[in-house]
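Single-letter residue listing:
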Amino acid sequence: MSDTATTAPAKAPLTAADRCDRCGAAAKVRATLPAGGELLFCGHHYNAHEARLVEMGAIVE
Ligand SMILES: [Zn+2]
């Protein structure tokens, strides 16, 4: 059975062109905010901001 057309992801995966919003390193994580907008983080800055992102209800990919 094929249902490939039902739930295609709206977002492209992170690429080498995606950079951390804080330091400009290669982004490892995209955090989508429930209010709209998204932030990109490298591993270091994701760890630094993870608690805050969870608090805001961000969806982390
Ligand atoms: Zn960073």
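Residues numbered from 1 in each chain as written. Predicted model: local features only at pLDDT ≥ 70, side-chain atom pairs only at ≥ 80, totals over all residues. Heavy atoms only, no water.

It is worth spelling out the nonpolar core at this point. Formed by Val29, Ala31, Phe41, Tyr46, Leu53 and Ala58, the largest nonpolar core amounts to 6 residues. Going through the elements one at a time, β1 (29–32) and α1 (43–56) are the ones with two or more residues in this core. Those residues in contact with alanine 31 that sit more than four places away from it in its chain are Gly37, Glu38, Leu39, Phe41, Leu53, Ala58, Ile59 and Val60. (Core = buried A, V, L, I, M, F, W, Y, C linked by side-chain atoms within 4.5 Å. Buried < 20%, exposed > 50% of the residue type's maximum accessible area, 1.4 Å probe, protein only. Helix = DSSP H or I, 4+ residues; strand = E, 2+ residues; numbered from the N terminus. Contact = heavy atoms within 4.5 Å.)

Helix length check: α1, at 14 residues, gives a terminal C-alpha distance of 19 Å against a target of 20 Å (1.5 Å per residue), a fit within 8%. The largest bend in α1 is about 55°, located at histidine 49. Here α1 has its buried residues at His45, Tyr46 and Leu53. On its buried face, α1 sits against β1, β2 (38–41) and β3 (59–60). (Expected span 1.5 Å × (residues − 1). Bend = angle between axes of the 7 residues up to and from the residue.)

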